[in-house]
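# Observations on the model geometry
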Number of protein chains: 2
Amino acid sequence: MNQFTKITATHITHFQELLGDENVFFDTVQLNEFGHDETEDLVFPPEVALTPRSAEQVSHIMKFCHQEHVPVTPIGSQTGLSGGALSIHGGVGLSLKKMNAIVELDEKNLQITVEPGLITEELQNAAIEKGLFYAPDPSSKGSCSIGGNLAENAGGPRAVKYGVTKDWVLNLEVVLPNGEIIWTGSNTLKNSTGYNLTQLMVGSEGTLGIITKAVLKLIPFVPNNVSMLAPFTSATKACEAVSAIFRAGITPSALEFMERDALDWIMKFDNSSSIHIEDSTQAHLLIELDGTNMDLIYQDCEKVAEVLEKFDCGEILLADNEAQKAEIWRLRRRIGEAVKSNSVYKEEDTVVPRFELPTLLEGVKKIGKAYGFQSVCYGHAGDGNLHINIIKGNLTEHQWNQELPEAIREIFELTVSLGGTLSGEHGIGYVQKNYMDIAFNKTELLLLKSIKNVFDPNGILNPGKLFVTT
Amino acid sequence: MNQFTKITATHITHFQELLGDENVFFDTVQLNEFGHDETEDLVFPPEVALTPRSAEQVSHIMKFCHQEHVPVTPIGSQTGLSGGALSIHGGVGLSLKKMNAIVELDEKNLQITVEPGLITEELQNAAIEKGLFYAPDPSSKGSCSIGGNLAENAGGPRAVKYGVTKDWVLNLEVVLPNGEIIWTGSNTLKNSTGYNLTQLMVGSEGTLGIITKAVLKLIPFVPNNVSMLAPFTSATKACEAVSAIFRAGITPSALEFMERDALDWIMKFDNSSSIHIEDSTQAHLLIELDGTNMDLIYQDCEKVAEVLEKFDCGEILLADNEAQKAEIWRLRRRIGEAVKSNSVYKEEDTVVPRFELPTLLEGVKKIGKAYGFQSVCYGHAGDGNLHINIIKGNLTEHQWNQELPEAIREIFELTVSLGGTLSGEHGIGYVQKNYMDIAFNKTELLLLKSIKNVFDPNGILNPGKLFVTT
């Protein structure tokens, strides 16, 4: 275990001189604001929060903290679901929210260079204005930042066709834990020059360095899409249909699964919806098809409908105007919020090869029965990525704190046995680190830790994340 | 510099006991066969060549060599263009050619698990038989192996739409230099669980571990395509047209550039071609458009033609039957071979953001003029990936060995100043390692070397590659 230095008045004065008083926060209320993300009800405030404005300022902060053995937790826009932004060991909370510029939108090369604090939807909109497309769309796209997306390798519904955040990154400017500034690659679509530091940084959850600029790929805007909401009387059948759609030669731009309970929570939370759900419906698939040519999209809709019929699908709602599409997508995007409004919950972000989804879902329900918990399952079925919201409800503190971790371990063991892993798009962070031994054997874990040690020999950057022992 | 142990009769006996006599080669003629790839005329034979049949055998070999400080050079199908498979320091040449099985083609999850020695085209054909698609298509696809593709992060024409080898890898089984066997990830389309060891391994040129199994993604087969061969009276105009095609909203499935000289070499080498080239033509673009719907493909062809007209394009040859397509692609695929048949040459694999291609091309010609060398330029223009074949021709040995490295340095400096890097798809290997300081500063190089040291503390795996000092 590392011995960290506590923040002193001298440290604070140093930061004030470096950044100006307006970028240094040490009031308890403010620190609590910097001490949470969207993970459960956890709050771990830093001892001081800083809002630097440039890579050079970040570099100064890191150099100082490296020398002084002060822990540093990078903080994005605090929408994370694995506790990556929590200042577990106090120290400096390094918020990137003021570094939120679009540095350059290069229309000639279809690239955009941005700072980490930029909100994902603002990036998407800037691209759309120029007829271009940045596809990754986490459900929190209106509030999450690109730095956090990079740190956690965020996904979203469109990942099934367009890939996750990692697939859109060309090059990163990174401040290392010792304050040195590097670029990880080049601004090119291909690169076979040295080890792939870019992809090592993406998904490293702020434990290897602080991303201060990102060069991202853009593609021509895809103008048209249609969504289909398909009800099933069996959740297993719905899951089985997912893999069949791809085998029929169709790659939807989104393919989401929601079990009955998810819809019920939503309807309770948001009773403005006009969508009618039959009593017999046990699950829905929400399928989006996109492209440039509407005729072709409708042809694909028909093919999808033919596939779904084989899995006892009910009447499909086809949404091809903006209002309809907004309504059914609002249901999907607000499930997390709806569940949270009713009960404390833990969210698991399991991912398996997509054909294994029915087996995973059935296994989760069986484990829930054995341990006595209720779960709401939904997610990006096209990617095999199932979000499992475990509801606290009437569970006792003992059940919640002592027994549930065992149940979660069983869920992850099942996931890994199906060729899957612990997290598809939320990261490991603070809340899943105890389960890393399920996904990695000792040799593999040692390799991960040794890589961490190369970047951060003093162990000051985002300690208490990813690994049990830091 | 590492002190390596020479191979002794005892070592050979040990290997024979482990692998059987038929998998141990130490005859000079045989060793010379294992001592080259397709890089220039270089030959560096190992002291003993081994052809293991399983990951367990590879593990035994590595454990032994790790303990004995014997250097090991992984050898694929010897089609590399950066000298990655050359046994610079002698020792063991570890050929993976007998590990060439398709372990499993999982139609339900659209995944294929293969051994590294499998020829890329055989993998593609196995997928096609099931109506599936593995897109990466290096020009050497009929003879290169998937292990080599992974090691060098190989590309090919279709990378412009479908990505390079790295974009098709889900999970890798790897034998580490000390003999331990790991899996780098999970068999899932998304993964936010720990550092991305998979992408760290891809493109690491056999310096971090030996890939013994790869789980690769497949997609539904894309049935239709059309190719267009477009002549230009100016190579610069041809390059300028490349970026304009994407800005018009079209993503071709291939977008290749060939300057006049490339075609002339080909016509000399292969006079069976019926394609007529006007005297005034200075360059061609070869554009492929693919999809499921032929009408849509033809519509896109028209859009492309409209764009090309703005750049003074001549009469476009539209190839929509198999014979025509085969003929124009044969021209493109055989350029390297044609140049090689006439002269010793060095090939650079520069890559820049695609709009910078005209500037790069003009710079290369200017540097050629200053140093007195002729070059043949062609490549994957859609990716900004320009292959520069520098012809030895009448250059003196002094010019070739002493002056040319300076000229190449100037080319790479130009490349990097344009936001590009040294290699897009061939790797650094043996022949470009002296230029790594152009792409990476000291901090970045130290980071790369420290990562190497984590995996291979004894420095036995593929020494003499990537870095100047190993």
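Residues numbered from 1 in each chain as written. Chains lettered and ligands numbered in written order. Predicted model: local features only at pLDDT ≥ 70, side-chain atom pairs only at ≥ 80, totals over all residues. Heavy atoms only, no water.

## Quick word on the sheet that holds strand 12 (residues 224-232) of chain B
Backbone hydrogen bonds are what pair the strands of a sheet, in a parallel or an antiparallel way. All names here are of chain B. Operational definition: Following DSSP output, two strands are said to pair if at least two bridges run between them. Secondary structure follows DSSP: runs of H or I at least 4 residues long count as helices, runs of E at least 2 residues long count as strands, and numbering of each begins at the N terminus. All axes here are fitted lines through C-alpha atoms, helices being fitted over the stretch that makes contact, and every angle between N-to-C directions spans 0 to 180 degrees. Between two residues, a contact is recorded if the distance between any of their heavy atoms is within 4.5 Å.
Ordered by their spatial adjacency, seven strands build an open sheet running 15-12-14-13-17-18-16, and the pairing between neighbours is antiparallel. The open sheet terminates on both sides in strands that have one partner only, identified here as strand 15 (317-319) and strand 16 (345-351). Within the sheet, the average angular offset between the axes of one strand and its neighbour, ignoring direction, is 15°. Direction of pairing for strand 12 relative to strand 15: antiparallel, over a ladder of three bridges. Across the sheet, residue Ser-227 finds its bridge partner in strand 15, namely Ala-319. Together, strand 13 (254-259), strand 16, strand 17 (374-380) and strand 18 (385-391) form the strand contacts of helix 13 (residues 357-371), whose direction differs from that of strand 17 by roughly 160°.

## Re the sheet that holds strand 8 (residues 169-175) of chain B
Residues and elements named next belong to chain B. If you walk across this open sheet you meet the five strands as 5-6-10-8-9, and the pairing is antiparallel. On the outer flanks of this sheet lie strand 5 (102-106) and strand 9 (181-183), each paired with one strand and no other. Neighbour to neighbour, the strand axes of the sheet diverge by 10° on average, direction disregarded. Bridge analysis of strand 8 against strand 9 gives three bridges, and the strand direction is antiparallel. Across the sheet, residue Glu-173 finds its bridge partner in strand 9, namely Trp-183. Of the strands in this sheet, strand 5, strand 6 (111-114) and strand 10 (210-217) touch helix 4 (residues 120-129), which is tilted by about 30° from strand 5.

## Concerning the interface of chain A and chain B
Which entries qualify depends on this criterion: Throughout, the accessible surface (probe 1.4 Å) given up by two parts as they are put together, summed over both, is called the buried area. Whenever Lys or Arg places a side-chain nitrogen within 4 Å of a carboxyl oxygen from Asp or Glu, that contact is recorded as a salt bridge. Each residue receives one of three labels: charged for Asp, Glu, Lys and Arg, nonpolar for Ala, Val, Leu, Ile, Met, Phe, Trp, Tyr, Cys and Pro, and polar for the others, Gly being one of them.
With 82 residues of chain A at the contact, the number on the chain B side is 83 residues. For the pair chain A and chain B, the summed buried area comes to about 6,100 Å², and 63% of that belongs to carbon and sulfur atoms. When the area that chain A buries against chain B is broken down by residue, the three leading residues are Lys-190, Ser-192 and Tyr-195 of chain A, summing to 16%. Along the contact surface separating chain A from chain B lie four salt bridges. Between Glu-425 of chain B and Lys-190 of chain A there is a salt bridge whose closest N-O contact spans 2.7 Å. Mapped by element, the contributors of at least two residues to the side of chain A that touches chain B are strand 9 (181-183), helix 7 (197-201), helix 8 (235-247), helix 15 (436-439) and helix 16 (442-455) of chain A. Top element by residues in the side of chain A that touches chain B is helix 16 of chain A. It accounts for nine residues. The class makeup of the residues in the side of chain A that touches chain B is 32 nonpolar, 35 polar and 15 charged.

## Some thoughts on the domain arrangement of chain A
Residue and element names in this part refer to chain A. Quick reminder of the rule: All the domain ranges listed were derived from an automatic or database domain assignment. Nitrogen and oxygen atoms within 3.5 Å of one another constitute a polar contact, given that in protein one can donate a hydrogen and the other can accept it, and given that sequence-neighbouring residues count only through two side-chain atoms.
With domains assigned, chain A is organised as domain 1 (9-98), domain 2 (102-220), domain 3 (224-336) and domain 4 (343-439). Taking both partners together, domain 3 and domain 4 bury about 1,700 Å²; carbon and sulfur atoms supply 63% of that area. Three residues stand out in domain 3 for area buried against domain 4, namely Phe-257, Glu-259 and Trp-265, and they jointly supply 30% of the buried area on that side. Seen at the junction of domain 3 and domain 4, the total is one salt bridge. With a closest N to O distance of 2.7 Å, Glu-259 and Lys-365 form a salt bridge. Across the contact surface, domain 3 and domain 4 share seven residue pairs in polar contact (both at pLDDT 80 or more). Elements represented by at least two residues in the side of domain 3 that touches domain 4 include exactly helix 8, strand 13 (254-259), helix 9 (260-269) and helix 12 (335-342). The element best represented in the side of domain 3 that touches domain 4 is helix 8, accounting for eight residues. Along the lines of polarity and charge, the residues of the side of domain 3 that touches domain 4 split into 10 nonpolar, three polar and six charged.

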